[in-house]
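# Coordinate analysis (summary)
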There are 2 protein chains.
Amino acid sequence: MSSDPTPGQTNGRRPTGAPVGFSNHDHGLCVADAMAEVEARCAAEGLRLTPVRRRVLEILLESHRAMRAYEVLERMQAEGLGAQPPAAYRVLDFLTTNGFAHRIEALNAFVACTHPGEHHVPAFLHCRICDGVVETVTSVGSVQGDSLLDAAAQAAGFRIEARTVEAHGICSICRAAEEA
Amino acid sequence: MSSDPTPGQTNGRRPTGAPVGFSNHDHGLCVADAMAEVEARCAAEGLRLTPVRRRVLEILLESHRAMRAYEVLERMQAEGLGAQPPAAYRVLDFLTTNGFAHRIEALNAFVACTHPGEHHVPAFLHCRICDGVVETVTSVGSVQGDSLLDAAAQAAGFRIEARTVEAHGICSICRAAEEA
DNA sequence: GGCGCAGGGTTACAGTATAACATTTTCTCT
DNA sequence: AGAGAAAATGTTATACTGTAACCCTGCGCC
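I will try to describe carefully the structure that is included in this document. (Residues numbered from 1 in each chain as written. Chains lettered and ligands numbered in written order. Predicted model: local features only at pLDDT ≥ 70, side-chain atom pairs only at ≥ 80, totals over all residues.)

## Quick notes on the interface of chain A and chain B
On the chain B side, the residues contacting the 33 residues of chain A number 33 residues. Where the side of chain A that touches chain B is concerned, the elements lending two or more residues are strand E4 (123-127), strand E5 (133-136), helix H5 (147-156), strand E6 (159-170) and helix H6 (172-179) of chain A. Looking at which element gives the most residues to the side of chain A that touches chain B, the answer is E6 of chain A, with 12 residues. Broken down by class, the residue content of the side of chain A that touches chain B amounts to 17 nonpolar, nine polar and seven charged. Judged from the 11 bridges that link them, E6 of chain A and strand E6 (residues 159-170) of chain B form a sheet pairing that is antiparallel. Across the sheet, residue arginine 163 of chain A finds its bridge partner in E6 of chain B, namely alanine 167 of chain B. (Contact = placed C-beta atoms within 7 Å. Helix = DSSP H or I, 4+ residues; strand = E, 2+ residues; numbered from the N terminus. Nonpolar A, V, L, I, M, F, W, Y, C, P; charged D, E, K, R; others polar. Pairing = 2+ DSSP bridges.)

## Focus on the environment of valine 72 of chain B
Residues and elements named next belong to chain B. Within the secondary structure layout, valine 72 lies in helix H3 (residues 69-78). Residue valine 72 is classed as buried on the basis of its 24 C-beta neighbours within 10 Å. Separated by 19 residues in the primary sequence, valine 72 and arginine 53 place their C-alpha atoms 11 Å from one another. For valine 72, the contacting residues outside a window of four places in its chain are Val56, Ile59, Met67, Ala88 and Leu92. (Buried ≥ 20, exposed ≤ 12 C-beta atoms within 10 Å, placed from the backbone.)

## Looking at the sheet that holds strand E2 (residues 101-104) of chain A
Each strand in a sheet pairs with another by means of backbone hydrogen bonds, the pair being arranged parallel or else antiparallel. All names here are of chain A. The strand order E1-E3-E2 describes an open sheet built from three strands, whose pairing is antiparallel. Each edge of the open sheet carries a strand with a single partner, namely strand E1 (67-68) and E2. By the bridge criterion, two bridges tie E1 to strand E3 (residues 109-112) in an arrangement that is antiparallel. When the sheet's bridge partners are listed, arginine 68 is paired in E3 with alanine 109.

## Structural notes on the protein's contact with DNA strand C
In the vicinity of DNA strand C, 17 residues are found, and the nearest of them are Thr50, Gly82, Gln84 and Pro86 of chain A together with Pro85 of chain B. When residues of the surface near DNA strand C are traced back to their parent elements, those giving at least two are helix H2 (51-61) and helix H4 (85-97) of chain A together with H3 and helix H4 (85-97) of chain B. A per-class count over the surface near DNA strand C returns 10 nonpolar, four polar and three charged. (Near = placed C-beta within 6 Å.)

## Remarks on the protein's contact with DNA strand D
With respect to spatial proximity, 18 residues lie near DNA strand D, and among them Pro85 of chain A together with Thr50, Gly82, Gln84 and Pro86 of chain B are the closest. Breaking the surface near DNA strand D down by element, the ones donating at least two residues are helix H3 (69-78) and H4 of chain A together with helix H2 (51-61) and H4 of chain B. With four residues, H4 of chain B is the single largest residue contributor to the surface near DNA strand D. When its residues are assigned to classes, the surface near DNA strand D shows 10 nonpolar, four polar and four charged.

## Structural notes on the pairing of strand E3 (residues 109-112) of chain B
Residues and elements named next belong to chain B. Burial of E3 is two-sided: the residues Ala109 and Val111 facing one way and the residues Phe110 and Ala112 facing the other way are all buried. Alignment of strand E2 (residues 101-104) against E3, held across four bridges, turns out to be antiparallel. Among the inter-strand pairings, alanine 101 is bridged to a residue of E3, identified as alanine 112. Linking E2 to E3, which pair antiparallel, is a turn of four residues; within it asparagine 108 sits at a positive phi near 50 degrees.

## Topic: the relation of the copies chain A and chain B
Mapping chain A onto chain B leaves a residual RMSD of 0.1 Å; the transformation is a rotation of 180 degrees accompanied by 0.0 Å of translation along its axis. Viewed as a symmetry operation, the transformation between the two copies matches a two-fold axis. (Least-squares fit on C-alpha atoms with pLDDT ≥ 70 in both.)

## Section: the pairing of E6 of chain A
By the bridge criterion, four bridges tie E4 of chain A to E6 of chain A in an arrangement that is parallel. Counted as the bridge partner of phenylalanine 124 of chain A is glutamate 166 of chain A from E6 of chain A.

## Observations concerning the sheet that holds E6 of chain B
In space, the six strands of this open sheet follow the order E5(A)-E4(A)-E6(A)-E6(B)-E4(B)-E5(B), with mixed pairing throughout. Looking at strand neighbours, the two that pair on one side only are E5 of chain A together with strand E5 (133-136) of chain B, the edges of this open sheet. Strand after strand, the sheet turns through a mean of 20 degrees between neighbouring axes, direction not considered. Running over the sheet, H5 of chain A touches E6 of chain A together with strand E4 (123-127), E5 and E6 of chain B and is turned about 45 degrees from E4 of chain B. (Axes fitted to C-alpha atoms, helices over the stretch in contact; angles between N-to-C directions.)

## Description of the packing of H2 of chain A against H4 of chain A
Describing two packed helices takes the angle between their axes plus the distance from one axis to the other. Residue and element names in this part refer to chain A. Between H2 and H4, the shortest axis-to-axis distance is 10 Å and the interhelical angle comes to 75 degrees. Between H2 and H4, the angle falls in the class roughly perpendicular. Along its contact with H2, which presents Val52, Arg53, Val56 and Leu57, the element H4 presents Val91, Phe94 and Leu95. Its residues assigned to classes, the contact of H2 with H4 shows six nonpolar, no polar and one charged. (Parallel < 35°, antiparallel > 145°, perpendicular 65-115°, else oblique.)

Spelled out as structure tokens, the structure:
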């Protein structure tokens, strides 16, 4: 983990070299905010944020990276929180169903949501070098994230229920590193 | 195949009840056009459209549906064109790499490209009832398919190399059928 | 106390994909 | 035509991803 090719962590606030979504920020605060939002929503909506669910969310929040299900499972096993695949998939299902995490389809992997308080249509930028993921913010109700999709759906009489919008490429930090 | 829940095929030109992408059209012509475009591009670019590759593309073109790799493999086996998974994956890799087919990430499945002659950013509408897929047309170089993604990438200094843009929902035909 | 239900444990398996190596075909160059 | 390189295909084995089905426990509720 500490050998991840993830440069750009120089503000000195985080204890580890965890990836931070292509830019410096106070990751401790970022995590705390997300957890607080999730707690609030669970309280408000009667969702049960059990110890396993909370812990897995914390794990996902550690870095702005997509984790594969079996990676999550390994972490759970290491902490005695479940031994078999269904345990991990059930937790990830809870988190994604409620918008606390998202699945990156092209990677078969999962990433913590960075603004779990809002209803939104997620879209992602994924760096193939450092594996970092940033999630863009688009609120539901206003203009949707993908005008092409909306126009095509409109024209075809198609009712959109879910969207998968992902970009894969190279982040600014890794571009700079490559050119050096 | 003939029991697929795919209504709307009433123009009487196709021999089977294959799904046709949410609307009536001359599917024989649609297939012929696509094959001709692919042949032209292979000739122009020195790509080898071997018998297996050609046949798998034909199979994918039979319907506007996404086929899973092992479905493709079964068809190949039935025709003596390959027995093991790598055979299917290699053909699908050739077709997707060259833009003759696309992978629908959220389905782990593949669909023939409906306009293989043009360079384009594909985006898809996938019906969860009839499993039909339509691909929208957006040429590269003009305005890209997804403004949100472009704006976010621009702001982050992210270089986009590939996109995954998919909508999942219900097509007009299945909506009509559901409401009946 | 009994009931219903969500959460979680466990086994077994289904579905997706690729590494690695052998063989054959095709291309190219002389 | 023949040698050598490169591309395509065949084959075995295995890794990775995901789920069905069943059981058991703990908790709220009448």
